[in-house]
Amino acid sequence: MPNPFRTGMRRSRAPEPATLVIFGVTGDLSRRKLLSAVFGLWQDGLLGSAFNIVGVGRQAMTDEQFRDYALEALRTSKETDAVQPGSLEKFRELLYYEHGDFAGDEVYDRVGQQLDEAENAHGGRKNAVFYLSTPPSLFEPISAGLGRLGLQDETEGWRRIIIEKPFGTTLETARHLNDAIHSVWDESQVYRIDHYLGKETVQNLMAIRFGNAIFEPVWNRGYVDHVQITAAEDLGLEGRAGYYEEAGIIRDMLQNHLMQLFTLVAMEPPVAFDEGAIRDEKVKVLRAVKPIPAEAVKFSAVRGQYGPGTLAGERVPGYQEEPGVAQDSSTPTFVAIKLEIENWRWQGVPFYIRTGKRLPKKVTEIAVVFKRPPLGLFPGGLERNVLAFRIQPDEGVSLKFSSKTPGQENQLREVTMDFRYDAFGAGLESPYSRLVLDAMLGDATLFPREDEVDHAWQLVMGMLGAWEDQAAPQRDAPFDAPFPNYAAGSWGPEAADELIGPDRRWRRL
């Protein structure tokens, strides 16, 4: 019997013939995720036969060596779809490689020659996407190098550039990077990628909210008590101490991923389901958030750093004991904040956002918590209804409500209606697959715009300023305590429970 959930599922979008140029192709992101995402698109027939990949790196390799490297990456990556017979051999023929110094012109000249050679195979067009899968310090030099050789010019085909996160490390550096990028590229050519927006369940948030008449009427201050957004990681640094000591949890997770989820929950219905309308509404949310200046951070945010603890039955070290971390490090690995939106829909409804490392499990969830009924007709206290979106793992949606138990008494019990995404009978597409394809199609809906990035940085600068100017936690601050202030394997510092208040509690995940 066919699966009824799969009725109507189809893939119909295919871009024009093009070349995908991946800078930093031998890096970790490309090896683990990007190559397999592109291979999945090609194997599904979404990229057509007139498509090729030019990998660019600083490591000297021939085309054949790169092809061997790429196929080995596909075979070993957990992200690679089931390989059809003969697919790898055919995909191998589409791969080319260039290497050189990103500060010079030679490597960009050779990339330009690759685009010229692809012209006949691509029907006379020189369409190209340049994906910057490199350390952030190389974004500006690579953009400038492409500009010096005129590779951003769209006279003979469209040209687009995809830039990985983090986009800047402060508001000032983000604005500088935007200025540098715009000196070469028009904003319509720039795609700032955040893979959270490529997740199927994140997009489903908009579909469920705007595609069902039962949700939108109660999606406001009249019915919603508060909203919780949680992104928990059970892992520690995994050898990334150098990066994490500089970034910390705010730059690594809060400013980008969680701000994206926040805007999608809080946005107004767009006038159309297109990139301009949706991005406009997301920016309106950020503009309406009540600012948190440095002097108010101690009342609206909690920071934490994990100490030694037990996770999955094993003893794990504290952050300051991790290789490469200073023994007196004040880098936060946990943050919880309270945001308030000063607009008609959300006035008085707090949004609580938390994220941290070495928490009990890896889980990302958005929970819309509704108000209690105004009159208690039944014995006992009534729990609040909750609509929860599970972003990862076990992707799906659940609705918690109260129901009468069998018997003579009017006793209520919490029950849950649960929908899991695997009911569709198909594996979830890699978020990178969705986003790369959208960029090649010229659809920027799921990519943050310049003003959105700017406003997101403005919201977190108070925290960065307050905490980095005074690195050590202060005992006189309501939610601050000396580091480490939570054990690995716990749900963060006790102050996070104080932040959410006496009448509310964080969801047990």
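Preceding this section is the structure that the text describes.
A.B. asks: Residue-level account of the nonpolar core, with values.
C.D. replies: Core analysis: the largest hydrophobic core is formed by 149 residues, its most contacted members being Phe 23, Phe 130, Tyr 131, Leu 254, Phe 262, Phe 351 and Met 463. Considering each element in turn, this core owes the most residues, 13 residues, to helix α8 (residues 241-266). Ignoring any residue separated from it by four or fewer positions in sequence, one finds Met 463 in contact with Ile 250, Leu 254, Val 297, Ala 301, Val 335, Ile 337 and Glu 468.

A.B. asks: So, empty space enclosed by the protein: which residues are in play, and what are the values?
C.D. replies: Within the structure shown, the criterion is met by one cavity of 30 Å³ or more. Lining the largest cavity we find 14 residues, and of these Phe 167, Asp 194, Asn 256, Pro 448 and Val 453 sit closest to its centre. Going through the elements one at a time, α8 and α12 (450-469) are the ones with two or more residues in the lining of the largest cavity. With three residues, the top contributor of residues to the lining of the largest cavity is α8. Grouping the constituent residues of the lining of the largest cavity by class yields seven nonpolar, three polar and four charged.

A.B. asks: Hey, could you go over the pattern of salt bridges for me, with residue numbers and the actual values?
C.D. replies: Proximity of charged atoms lets side chains of opposite charge pair with each other. Per the counting criterion, the structure on display carries 33 salt bridges. Close ionic contact of Glu 79 with Lys 33 constitutes a salt bridge, the shortest N to O distance being 3.2 Å. In this pair, Glu 79 is assigned in the loop between α2 (63-76) and α3 (87-92) and Lys 33 in helix α1 (residues 28-43), connecting sequence segments 46 residues apart. Lys 33 sits in the partly exposed class, given a relative accessible area of 24%.

A.B. asks: So what about the packing of aromatic side chains? Which residues, and what values?
C.D. replies: For the structure shown, the criterion picks out 15 aromatic pairs. Residues Tyr 191 and Phe 447 carry aromatic rings whose centres are separated by 5.0 Å and whose planes lie at 90° to one another, so their mutual orientation is edge-to-face. Here Tyr 191 is found in strand β6 (residues 190-192), whereas its partner Phe 447 is found in the loop between α11 (431-441) and α12, with 256 residues between them in sequence. A residue is classified by how much of its surface remains accessible, and Phe 447, at 0% relative accessible area, is buried.

A.B. asks: I'd like a description of the sheet that holds strand β3 (residues 95-99), backed by residues and values.
C.D. replies: One open sheet accounts for six strands, arranged β3-β2-β1-β4-β5-β6; its pairing is parallel. With one partner strand each, in any of the chains shown, β3 and β6 form the two edges of the open sheet. Each strand of the sheet is rotated relative to its neighbour by a mean of 20°, with strand direction disregarded. Sheet analysis places strand β2 (residues 51-57) next to β3, joined by five bridges and oriented parallel. Note that in β3 the partner of Val 54 across the bridge is Tyr 96.

A.B. asks: Lay out helix α7 (residues 200-210) with the relevant residues and their values.
C.D. replies: In terms of burial, α7 is a largely internal element, eight of the eleven residues being buried. Listed as buried for α7 are Thr 201, Val 202, Gln 203, Asn 204, Leu 205, Met 206, Ile 208 and Arg 209. Where α7 is buried, its residues meet α8, α9 (275-288), β14 (363-370), β15 (386-392), β16 (396-404) and α11.

A.B. asks: Run through the sheet that holds strand β13 (residues 350-356), naming residues and quoting values.
C.D. replies: With mixed pairing, eight strands are arranged side by side in an open sheet as β8-β12-β13-β7-β14-β15-β16-β17. The sheet terminates laterally at β8 (301-304) and β17 (412-420), the two strands that pair on one side only. If you compare each strand with its neighbour and ignore which way they point, the axes differ by 15° on average. Pairing of strand β7 (residues 224-232) with β14 involves eight bridges; the strand directions are antiparallel. Bridged to Val 224 within β14 is Phe 370. With respect to the sheet, α7 is in contact with β14, β15 and β16, its orientation differing from that of β15 by roughly 150°. On top of the sheet, α8 reaches β7, β12 (334-340), β13 and β14; it is set at about 145° to β13, its chief contact.

A.B. asks: Outline α2, supporting the account with residue identities and numerical values.
C.D. replies: Taking 1.5 Å of rise per residue, 14 residues should cover 20 Å, and α2 covers 20 Å from first to last C-alpha, within 8% of that figure. Of the positions making up α2, those classed as buried are Phe 66, Arg 67, Ala 70, Leu 71, Ala 73 and Leu 74. Looking down the long axis of α2, one finds its buried residues gathered within 155° of arc, a one-sided arrangement. Turned more than 90 degrees away from the buried face of α2 sit Arg 75 and Thr 76, all of them exposed. Close packing links the buried residues of α2 with α1, β2, α3 and β3.

The rules behind these values
- Residues numbered from 1 in each chain as written.
- Predicted model: local features only at pLDDT ≥ 70, side-chain atom pairs only at ≥ 80, totals over all residues.
- Heavy atoms only, no water.
- Core = buried A, V, L, I, M, F, W, Y, C linked by side-chain atoms within 4.5 Å.
- Buried < 20%, exposed > 50% of the residue type's maximum accessible area, 1.4 Å probe, protein only.
- Helix = DSSP H or I, 4+ residues; strand = E, 2+ residues; numbered from the N terminus.
- Contact = heavy atoms within 4.5 Å.
- 1 Å grid on protein atoms, 1.4 Å probe; cavity = no way out; pocket = protein on both sides within 12 Å on 5 of 7 lines; lining within 4 Å.
- Points joined across faces, edges and corners; volume = space filled by probe spheres on them.
- Nonpolar A, V, L, I, M, F, W, Y, C, P; charged D, E, K, R; others polar.
- Salt bridge = Lys/Arg side-chain N within 4 Å of Asp/Glu carboxyl O.
- Phe/Tyr/Trp six-rings, centres within 6.5 Å; stacked < 30°, edge-to-face > 60°.
- Pairing = 2+ DSSP bridges.
- Axes fitted to C-alpha atoms, helices over the stretch in contact; angles between N-to-C directions.
- Expected span 1.5 Å × (residues − 1).
- Arc of directions from axis to C-beta.

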